[in-house]
There are 2 protein chains.
Amino acid sequence: MRLSRYFLPTLREDPSEAETVSHKLLLRAGMIRKVASGVYNFLPLGLKALKNIENIVRQEMNRAGALEVLLPLVQPAELWLETGRWNAYGKELLRFKDRKEHDFCLGPTHEEVITDLVRRDVKSYRQLPLILYQIAPKFRDEIRPRFGLMRAREFIMKDAYSFDADYEGLDKSYQLMYETYNRIFSACGLKFKAVRAHTGAIGGDVSHEFMVLAETGEDTIAVCPKCGFAENVEIAPAISSEVYEPEPYRPIEKVYTPNVRSAKDVADYLGLPLKKITKTLIYIVEEKEPVAICVRGDHEVNEVKLEKVLGGKPFRMATEEEVLKIVGAHPGFIGPKGLKMKVIVDRSLVNFPNFVIGANKDEYHYVNANLNDTFVPDLVADVRKAVEGDLCPECGELLTFMKGIEVGHIFKLGTKYSEPMKATFLDKDGTEKPFIMGCYGIGVSRVLSATIEQNHDENGIIFPWPIAPFKVGIISFKPDFQEKAEKLYQELSERVDTLIDDRDERPGVKFKDLDLIGVPLQVIYGKSFEETGKVEIKIRRTGERVYLPEEEARTFVLSFGEKQGEESL
Amino acid sequence: MRLSRYFLPTLREDPSEAETVSHKLLLRAGMIRKVASGVYNFLPLGLKALKNIENIVRQEMNRAGALEVLLPLVQPAELWLETGRWNAYGKELLRFKDRKEHDFCLGPTHEEVITDLVRRDVKSYRQLPLILYQIAPKFRDEIRPRFGLMRAREFIMKDAYSFDADYEGLDKSYQLMYETYNRIFSACGLKFKAVRAHTGAIGGDVSHEFMVLAETGEDTIAVCPKCGFAENVEIAPAISSEVYEPEPYRPIEKVYTPNVRSAKDVADYLGLPLKKITKTLIYIVEEKEPVAICVRGDHEVNEVKLEKVLGGKPFRMATEEEVLKIVGAHPGFIGPKGLKMKVIVDRSLVNFPNFVIGANKDEYHYVNANLNDTFVPDLVADVRKAVEGDLCPECGELLTFMKGIEVGHIFKLGTKYSEPMKATFLDKDGTEKPFIMGCYGIGVSRVLSATIEQNHDENGIIFPWPIAPFKVGIISFKPDFQEKAEKLYQELSERVDTLIDDRDERPGVKFKDLDLIGVPLQVIYGKSFEETGKVEIKIRRTGERVYLPEEEARTFVLSFGEKQGEESL
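Because the structure is a prediction, the values reported are computed rather than measured.

*Asks:* Residues and numbers for the overall build of chain A, please.
*Replies:* Counting secondary structure elements, chain A contains 14 helices and 31 strands. Principal-axis analysis of the C-alpha atoms places the extent of chain A at approximately 90 × 70 × 50 Å. Out of the 569 residues in chain A, the part that is buried amounts to 58%. In chain A, once contacts between residues fewer than 6 apart in sequence are set aside, the share between residues at least 24 apart is 67%. A total accessible area of about 23900 Å² is found for chain A, and carbon and sulfur atoms account for 49% of it. Side-chain charges in chain A split into 79 positive and 89 negative, and the spacing between the mean points of these groups amounts to 1 Å.

*Asks:* Could you give an account of the sheet that holds strand β17 (residues 342-346) of chain B, with specific residues and numbers?
*Replies:* Residue and element names in this part refer to chain B. Reading across the sheet, the five strands line up as β16-β14-β15-β17-β20 and stay open at both edges, with mixed pairing between neighbours. On the outer flanks of this sheet lie β16 (315-317) and β20 (379-381), each paired with one strand and no other. Looking at each pair of strands side by side, their axes are set apart by 30° on average, direction ignored. Bridge count for β17 against β20 is three bridges, and the pairing is parallel. Counterpart to aspartate 346 in the pairing with β20 is alanine 381. Those strands touched by helix α9 (residues 320-327) are β14 (279-285), β15 (289-295) and β16, and its axis lies near 100° from that of β14.

*Asks:* Lay out the sheet that holds strand β4 (residues 74-76) of chain B with the relevant residues and their values.
*Replies:* All names here are of chain B. An order of β4-β6-β5 is seen for the three strands of this open sheet, with the pairing classed as antiparallel. Unpaired on one side and paired on the other, β4 and β5 (95-97) mark the two borders of the sheet. With direction set aside, neighbouring strand axes in the sheet form an average angle of 40°. With three bridges connecting them, β4 and strand β6 (residues 103-106) associate as antiparallel partners. In the strand pairing of β6, glutamine 75 is matched with cysteine 105.

*Asks:* Explain the relation of the copies chain B and chain A residue by residue, including any values.
*Replies:* If you rotate chain B by 180° and push it 0.0 Å along the axis, it lands on chain A with an RMSD of 0.1 Å. What the rotation and shift describe, once combined, is the action of a two-fold rotation axis. If distances are taken from each C-alpha of chain B to the rotation axis, the shortest is found for B:Phe96, at 3.1 Å.

*Asks:* Give me the interface of chain B and chain A: which residues, what numbers.
*Replies:* Facing the 55 residues of chain B at the interface are 55 residues of chain A. Note on chain B versus chain A: buried area summed over both sides is about 4500 Å², and carbon and sulfur give 64% of it. On the chain B side of the contact with chain A, B:Phe7, B:Leu70 and B:Arg99 bury the most area, a combined 17% of that side's loss. Counting across the interface, chain B meets chain A through 16 residue pairs in polar contact (both at pLDDT 80 or more). Here the element with the most residues in the side of chain B that touches chain A is helix α2 (residues 44-63) of chain B; it accounts for five residues. Per-class residue counts for the side of chain B that touches chain A are 36 nonpolar, one polar and 18 charged.

*Asks:* Can you break down the domain arrangement of chain A residue by residue, with the values?
*Replies:* Once the domains are mapped, chain A shows domain 1 (20-190 + 418-453), domain 2 (253-381) and domain 3 (470-567). Here domain 1 of chain A and domain 2 of chain A have C-alpha centroids that lie 41 Å from each other.

*Asks:* Mind laying out the packing of helix α2 (residues 44-63) of chain A against helix α10 (residues 444-454) of chain A, listing which residues take part and the relevant values?
*Replies:* Residues and elements named next belong to chain A. At a closest axis distance of 9 Å, the pairing of α2 and α10 adopts a crossing angle of 110°. Relative to α10, the element α2 is oriented roughly perpendicular. In this structure, α2 uses Gly46, Ala49, Leu50, Ile53 and Glu54 to contact α10, whose residues at the interface are Val444, Ser445, Val447 and Leu448. Looking at the contact of α2 with α10 residue by residue, the classes come out as six nonpolar, two polar and one charged.

*Asks:* Got a sec to walk through the pairing of strand β1 (residues 32-36) of chain B? Specific residues and values, please.
*Replies:* Residues and elements named next belong to chain B. The buried fraction of β1 amounts to four of the five residues, a majority that puts the element mostly inside the structure. Bridge count between β1 and strand β2 (residues 39-42): four bridges; the pairing is antiparallel. Bridging across to β2, lysine 34 finds its partner in tyrosine 40. Counted between consecutive antiparallel strands, the loop separating β1 from β2 contains two residues, among which glycine 38 sits at a positive phi close to 75°.

*Asks:* Talk me through the side chain of A:Asn52; I want residue IDs and the actual numbers.
*Replies:* Structurally, A:Asn52 can be placed in helix α2. Given a relative accessible area of 16%, A:Asn52 falls into the buried group.

*Asks:* Describe in detail the packing of aromatic side chains, supporting the description with residues and values.
*Replies:* Aromatic ring pairs are reported here in terms of the distance separating the ring centres and the angle at which the planes meet. Inspection of every chain in the model, using the stated rule, returns 42 aromatic pairs over all chains. Ring centres of A:Phe481 and A:Phe529 lie 5.1 Å apart, and the angle between their planes is 80°; on these two criteria the pair is classed as edge-to-face. Of this pair, A:Phe481 sits in the loop between β27 (472-476) and α11 (482-493) while A:Phe529 is found in helix α13 (residues 527-532), placing the two residues 48 residues apart along the sequence. The burial state of A:Phe481 is the same as that of A:Phe529; both residues are buried. Where B:Tyr525 meets B:Phe529, the ring centres are 4.8 Å apart and the plane angle is 70°; that geometry is what we call edge-to-face. Taken together, the ring pairs connect A:Tyr178, A:Tyr181, A:Phe185, A:Phe192 and A:Phe210 into an aromatic cluster. The side chain of A:Lys276 reaches across the aromatic face of A:Phe352, ending 4.7 Å from its centre.

*Asks:* Help me get a handle on the pattern of salt bridges, residues and values and all.
*Replies:* Residues and elements named next belong to chain B. Taken as a whole and judged by the stated rule, the model has 100 salt bridges over all chains. A salt bridge links glutamate 491 to arginine 554, with the shortest nitrogen-to-oxygen separation between them at 3.3 Å. With glutamate 491 in helix α11 (residues 482-493) and arginine 554 in helix α14 (residues 550-567), the pair connects residues that are 63 residues apart, well separated along the chain. Residue glutamate 491 is classed as partly exposed on the basis of its relative accessible area of 25%.

*Asks:* Give me the lowdown on helix α6 (residues 167-187) of chain B, citing residues and values where you can.
*Replies:* Residues and elements named next belong to chain B. Taking 1.5 Å per residue, 21 residues should reach 30 Å; α6 reaches 30 Å between its end C-alpha atoms and fits that length. Turning to α6, its buried residues are Gly169, Leu170, Ser173, Tyr174, Met177, Thr180, Tyr181, Ile184, Phe185 and Ala187. Within α6, the buried residues cover an arc of 145° as seen down the axis, which keeps them to one side. Exposed and facing more than 90 degrees away from the buried side of α6 are Glu168 and Lys172. After α6 finishes, the residue glycine 189 shows a positive phi value of roughly 80°.

*Asks:* Tell me about the packing of helix α1 (residues 21-28) of chain B against helix α10 (residues 444-454) of chain B, and name the residues and values.
*Replies:* Residue and element names in this part refer to chain B. Remark: α1 packs on α10, axes separated minimally by 8 Å, with the N-to-C direction vectors making an angle of 105°. As far as their axial angle goes, α10 and α1 are roughly perpendicular. In this structure, α1 contributes Val21, Ser22, Leu25 and Leu26 to the contact, and α10 contributes Leu448, Ser449, Ile452 and Glu453. Among the residues making up the contact of α1 with α10, the classes are represented as five nonpolar, two polar and one charged.

The rules behind these values
- Residues numbered from 1 in each chain as written.
- Chains lettered and ligands numbered in written order.
- Predicted model: local features only at pLDDT ≥ 70, side-chain atom pairs only at ≥ 80, totals over all residues.
- Heavy atoms only, no water.
- Helix = DSSP H or I, 4+ residues; strand = E, 2+ residues; numbered from the N terminus.
- Buried < 20%, exposed > 50% of the residue type's maximum accessible area, 1.4 Å probe, protein only.
- Contact = heavy atoms within 4.5 Å.
- Areas by Shrake-Rupley, 256 points an atom, 1.4 Å probe, with all protein chains shown as cover.
- Lys, Arg positive; Asp, Glu negative; His and termini not counted.
- Charge placed at Lys NZ, Arg CZ, Asp CG, Glu CD.
- Pairing = 2+ DSSP bridges.
- Axes fitted to C-alpha atoms, helices over the stretch in contact; angles between N-to-C directions.
- Least-squares fit on C-alpha atoms with pLDDT ≥ 70 in both.
- Buried area = accessible area lost by both parts, 1.4 Å probe.
- Polar contact = N/O pair within 3.5 Å; in protein donor to acceptor, adjacent residues only side chain to side chain.
- Nonpolar A, V, L, I, M, F, W, Y, C, P; charged D, E, K, R; others polar.
- Domains from an automatic or database assignment.
- Parallel < 35°, antiparallel > 145°, perpendicular 65-115°, else oblique.
- Phe/Tyr/Trp six-rings, centres within 6.5 Å; stacked < 30°, edge-to-face > 60°.
- Lys NZ or Arg CZ within 6 Å of the ring centre and 35° of its normal.
- Salt bridge = Lys/Arg side-chain N within 4 Å of Asp/Glu carboxyl O.
- Expected span 1.5 Å × (residues − 1).
- Arc of directions from axis to C-beta.

Next up, the structure:
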């Protein structure tokens, strides 16, 4: 591509609308533009990167024997009523009426549509297993669309659905997709980790997330450096590595703690370590029953675990007003002693001597509280988030933490959709059975954001070779070299996506743009070529520069690409 | 692809939901399934054909220097308010509110979004010309979705938009797209015709439609066999080749014509040729003014021409009740004599002697009416549809008619969108000027339907090679030959999309399915192979059979494909 004929509106300044690195760079590199909140145009460069990801996904899905289909974005309410999700899904499901007043929605996911398709056209176990997938736009009416493509409302997703005759079949399909996802993200040239995860709104028993590792990731992953255990902290068991030194119980004492609400403030005020100051949080279960959760000051309540402990009932944190009304004191001064409600304490409080609790009276705490002495909880359970230094639940090694961005999620669904939709097939034994399903998603446009979060520096994007929209950029300083640059451009273009910057711009502008848009290799006809007849090749990722005669430069570029391809596989 | 692992639910019977050939065959061949009225799933075979069309479109658009983008389906009302189309577009524009009660619509077309993108990021004439395109889903809330993919609500479209500094630039971009469209439909292997057409709701001055020729087409094209003139009958000038023999005016006479309302019935009743019985139709202009249009009995009023004659004012045909109230007689008995409204007659009535008109009294007509004698019209104009045998307006040859399906439409828009949206650039002379735009659409999913309308027989689809999802199908009759069939399958699969029917089915079922899904070449390991060692190759389109040794068969298949590719370019 000749840059003079390309549409590449790069920006020198960070746009004010963007907070995250990837959002800023996608805008600055002229890859996307906002149309409305969470709705974007893909410009030619952005689309080219997106298509590279799509093609890797497609290739690996096809290799796994999955079959590509295309399902509509506009879906009739009838199907969603069958599974009950029409009412259950919440406001992310954008509902509307057509001109004939029939109810429709924009598909945030396609379990209903695909189950309907399969129940009509797959009748026999002989047609199984079947994995269908699509790469298509989806719409989720997020309450807070943000971070560009990271949490957009309209976005591109690869969603796949497996149909098996039994659970052993599902296990095989799931394993096949697990391996396929590993191949996909490797082929993209990304550093990533597959972790066990919470099943959330899609449902089912087992699920894994695929996380692109990046310091800016919103998700935290607990990883065991020894046995390879990896789980989202949303579900990772919290097993403390700390053994409490036994202490004699000291007498409990109510102390005046004016204007100190946070555990940190209380700790400072009392001159005690943060962990000694326990926090008691009030939740409202099913909009009626208050429940108190008690954790150490240096721990956080894990609401995914809490949901399990509460038997899956809906719950929410009580408002300040509710706490005041129910307990008679403000949040910050709440404690388990004398509370007239169910009290659940985290298991890290077992054998924890002489800790601090709120006194259920404003401006007061108790010091020297002890479990089963000061108060008796209704339940001791794992309700906190794991922290770095906790023990691996599989091998007992100390866990380390990583930050990640979820780009893929795979689920075992079982009969969650096939049963309510009466999607059945005739099995070997002559009986009608519901399909055993799995579903497998990749946020294709999100992969682009995650790639940039993982691969960038102060000058811009550093695309991994497989995703890079252009692999090579050619710049010529002097009109004299233009013809030679042009010849190399023609030769390389036949083999790899090559950009030649033939604009009437200063070299500085051209270098800045090539750096910004993350072209892996820059071939420069400049000073070195004038002086030595060797072109300069800059490797974007390392900043390394190589000087080679033209013919060798051509070979270098092509073999660099092959090497990158191999490494990523 | 092994058919045993493919998802190809073919049907033996015509589904009741389908009326047209392509709709029936798309369903029977397991290519699409209905989700809701005008909303379809593409199954693997259908998507594969669709992708073949998409790729041809993409290749030719890229060759023309157009740049691919991806614009959102969900569009904010603000942009549509700027051009006035938010209110003007009618109910095909599906409008809805998001969770924050902001107005959005589903994009039926993308002029607003693309103009907004370009006005923000293209500032100078140096960045022009620019042609951007996308291949993406669109939604139009059709009042009567029908004929499967032919008139669907959610469908796949290629839409392109050109931006030029002046009208000469637009002419060049338009010409480039005109040629590109010719290349695209040739490359698809389709018989088609580019015709001048009405600009309709998109607007602008000049437009051409690309019609796939098919007897079942809804559009009629007037074609000159001599000079190549081709226009949609919607706009083709009607120049009669008939020279009226002069006759003396006979005295006008009111005759009793009971129960004969249609021109045909009146002609039979009076024993006169159909053309002698003129029809007078009442239209209501701007919901207030009635206007009478008078044409020969064998002609039809052309409402596109009428719109021009009426100065672009909105109009509609009067209801039976309105006619009765205004004229005092029922439709069928209306005539221009004594009518108290504007009367427009088609120019074919000039010098037309002694014709019949309604008497504006139920059950009565006048015979022997003559223009400017019996009545004086307000206007004589070309308001009828051209008919076969009319004269070519360019060279005077007799026109012939063809039936076609519109699959592409290109428009010169000028400043229709750039002016109201204030989309300007800085021109050479230092002044701000609005972009001069063109727009260019291809109904990609409709091309699939049109292909089938043009290419089928009683056994199913006959895909042109470039669009065929599978180019070759291999069938082996006997288990003994399976290994050889398998070997050929492996070899061919490396070069062309090949299907092997390895299902446990009777040969008859396999032949029927290969015929139905339109595979161009069928390679059969059957009787001839057993007896002579030669495989049988059946050419789907001609039914021709060739018998060749295996190695030659392989060469035959590959060179057949190359030949097809050449022919279509």
